[in-house]
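# Understanding the architecture of this molecule
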Amino acid sequence: MTKFRTLDDVDVKGKRVLLRVDLNVPMDNGRVSDTTRLDRVAPTITEISDKGGKVVLLAHFGRPKGRDAKDSLKPVAEALAKVVKKPVAFAEDCIGEPAAKAVAALNDGDILCLENTRFHKEEEKNDPAFVAELAKLGDIWVNDAFSAAHRAHASTEGLGHKLPAYAGRTMQAELDALEKALGSPTKPVIAIIGGAKVSTKIDLLENLVSKVDALVIGGGMANTFLHAQGVAVGKSLAEKDLSATAVRIMEKAEAANCAIILPVDATVAYHFAANAPSHAYGLDAIPADGMILDVGPQSVARVHAAIDDAATLVWNGPLGAFEMQPFDRGTVAAAKHAAERTKAKKLISIAGGGDTVAALNQAHVAGDFTYVSTAGGAFLEWMEGKPLPGVEVLRIR
């Protein structure tokens, strides 16, 4: 693996450090309702501050079309100050006089948050003139926002070509975890891929079959594979027009010696609703007017056995309609089993994606996994084998 420059490679004392972070947090009535992302970036901010660096935070919030008060980072900066237990100053813009004045006023160890970079359309265009304006404010650039690393924007990639570039601690942890998962993993490797649609995960599945020893497919997307094999799936969610794609993925898996593990039974209901009456059926007996909403007990046992055979697990997507009870049973059982193996030091477990994180939290095991990525799109693109601009720019050439 190519090495990345990290904070171990630079003395930040007295330097203006442009630190790209993910402050895109959920808000409720103008207040931060979940500080997970703030907690994640706090160690990098604190370390640079404690070592005498002048911390200048760059971040986006939402998808504003120009300057919009509801997308200001000011309330986020106030919440961040409580998390890092240090004052966080705020500048009303990320370039120009307000930013320059605020940066000039910093003493060693001070922390400043600049206003939403996306208030300028040039941010997402990675406009060279805008990059140059941002670069004037710093001596070095540290990227700690893996979740935005799949975007080649001014603050997530452009600055890496103008200033000495380093990975922050959150980025470093993410890259280390991903290397353990698929870069140079301890074998055998199993992937659990779930979710509603095959269409959103074709690239992912095609990349994984050449990288893992076994691939568990669950969720609505499993129905598409079952349909492609001639199983009658009733009224279940299935992309029947993608049968040929499913067959191609299965053939590619066979050629790569990757076992595809599909459900062998299913939990079926007649209504897509929480606590709808349900029953487990074998695949040869799915009622024509029924809907598969979760894997059945025999399938759960197969997933457990596959996890037992693995040394490394990569997980993206639930096995059923986990947001509704009792159709979360399969996902929760598999998550708890993986967590137990991890705690017993028998498994390296890496999970990521919004639904996956929610499912692991629901099972109360997120803290027991080796690493849980809160990056949605970037985690998926990395698993698809695509280079991430915000990561590539950090590599030691």
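Residues numbered from 1 in each chain as written. Predicted model: local features only at pLDDT ≥ 70, side-chain atom pairs only at ≥ 80, totals over all residues. Heavy atoms only, no water.

### Observations concerning the UniProt feature "binding site: (2R)-3-phosphoglycerate" (unreviewed entry) in the protein
Under the local residue numbering, the UniProt record ascribes the feature "binding site: (2R)-3-phosphoglycerate" (unreviewed entry) to R37, R118 and R151. Its place among the elements puts R37 in helix α1 (residues 36–50). Sequence-distant contacts of R37, defined by excluding residues within four places in its chain, comprise D22, N24, V25, S147 and T374. A polar atom in the side chain of R37 sits 3.1 Å from the backbone oxygen of N24. Assignment of secondary structure puts R151 in the loop between β7 (140–143) and β8 (165–167). (UniProt positions renumbered as here; feature names shortened; annotations may be inferred. Helix = DSSP H or I, 4+ residues; strand = E, 2+ residues; numbered from the N terminus. Contact = heavy atoms within 4.5 Å. Polar contact = N/O pair within 3.5 Å; in protein donor to acceptor, adjacent residues only side chain to side chain.)

### Here we look at the side chain of T356
Position of T356 among the secondary structure elements: in helix α12 (residues 354–362). Take T356: its relative accessible area is 3%, and that puts it in the buried class. Setting aside chain neighbours within four positions, we find T356 in contact with W315, N316, G317 and A351. (Buried < 20%, exposed > 50% of the residue type's maximum accessible area, 1.4 Å probe, protein only.)

### Structural notes on the pattern of salt bridges
One pass over the full model with this rule turns up 21 salt bridges. When the shortest N-O distance is used, the salt bridge between R67 and D93 registers 3.4 Å. Note that R67 is positioned in the loop between β4 (54–58) and α2 (74–84) and D93 in the loop between β5 (89–91) and α3 (96–104), a separation of 26 residues in sequence. Assessed through its relative accessible area of 12%, D93 is described here as buried. For D68, the salt bridge identified is with K70, shortest N-O distance 3.5 Å. Here K70 falls in the exposed class, since its relative accessible area comes to 62%. (Salt bridge = Lys/Arg side-chain N within 4 Å of Asp/Glu carboxyl O.)

### Looking at the nonpolar core
Judged by nonpolar contacts, the single largest core of 74 residues is most densely connected at L114, F146, L159, I193, L208, L215 and F225. The element contributing the most residues to this core is helix α6 (residues 169–183), with 6 residues. A domain split of this core shows at least three residues from each of domain 1 (16–171) and domain 2 (185–384). Setting aside residues up to four positions removed in sequence, L208 forms contacts with L182, A191, I193, L215 and M383. Core analysis: the next-biggest nonpolar cluster, separate from the first, contains 32 residues, I45, A79, C113 and I140 among them. (Core = buried A, V, L, I, M, F, W, Y, C linked by side-chain atoms within 4.5 Å. Domains from an automatic or database assignment.)

### Topic: α6
Along an α-helix, residues three or four apart share an orientation, since each turn contains 3.6 residues. The complete set of buried residues in α6 reads T170, M171, E174, L175, A177, L178, A181 and L182. Buried positions in α6, seen along its axis, are confined to an arc of 165° and lie on one side of it. (Arc of directions from axis to C-beta.)

### Some remarks on the packing of helix α10 (residues 297–309) against helix α11 (residues 329–343)
Where α10 contacts α11, the axes come no closer than 10 Å and their chain directions differ by 20°. One way to sum up the angle between α10 and α11 is to call them roughly parallel. In this structure, α10 crosses over α11, and the sense of that crossing is right-handed. For the pair α10 and α11, the contacting residues are V300, V303, H304, I307 and D308 in the first and G330, A333, A334, H337, A338 and R341 in the second. (Axes fitted to C-alpha atoms, helices over the stretch in contact; angles between N-to-C directions. Parallel < 35°, antiparallel > 145°, perpendicular 65-115°, else oblique. Left-handed = near helix turned anticlockwise from the far one by under 90°.)

### Some remarks on the domain arrangement of the protein
If you check the domain split of the protein, you get domain 1 (16–171) and domain 2 (185–384). Taken together, the contact between domain 1 and domain 2 spans 7 residues of the former and 10 residues of the latter. For the domain 1 and domain 2 pair, buried surface summed over both sides reaches about 660 Å², with 56% attributable to carbon and sulfur atoms. Summed over the shared surface of domain 1 and domain 2, the result is 0 salt bridges. The interface formed by domain 1 and domain 2 contains 2 residue pairs in polar contact (both at pLDDT 80 or more). A breakdown of the residues in the side of domain 1 that touches domain 2 according to their chemical character gives 1 nonpolar, 4 polar and 2 charged. (Buried area = accessible area lost by both parts, 1.4 Å probe. Nonpolar A, V, L, I, M, F, W, Y, C, P; charged D, E, K, R; others polar.)

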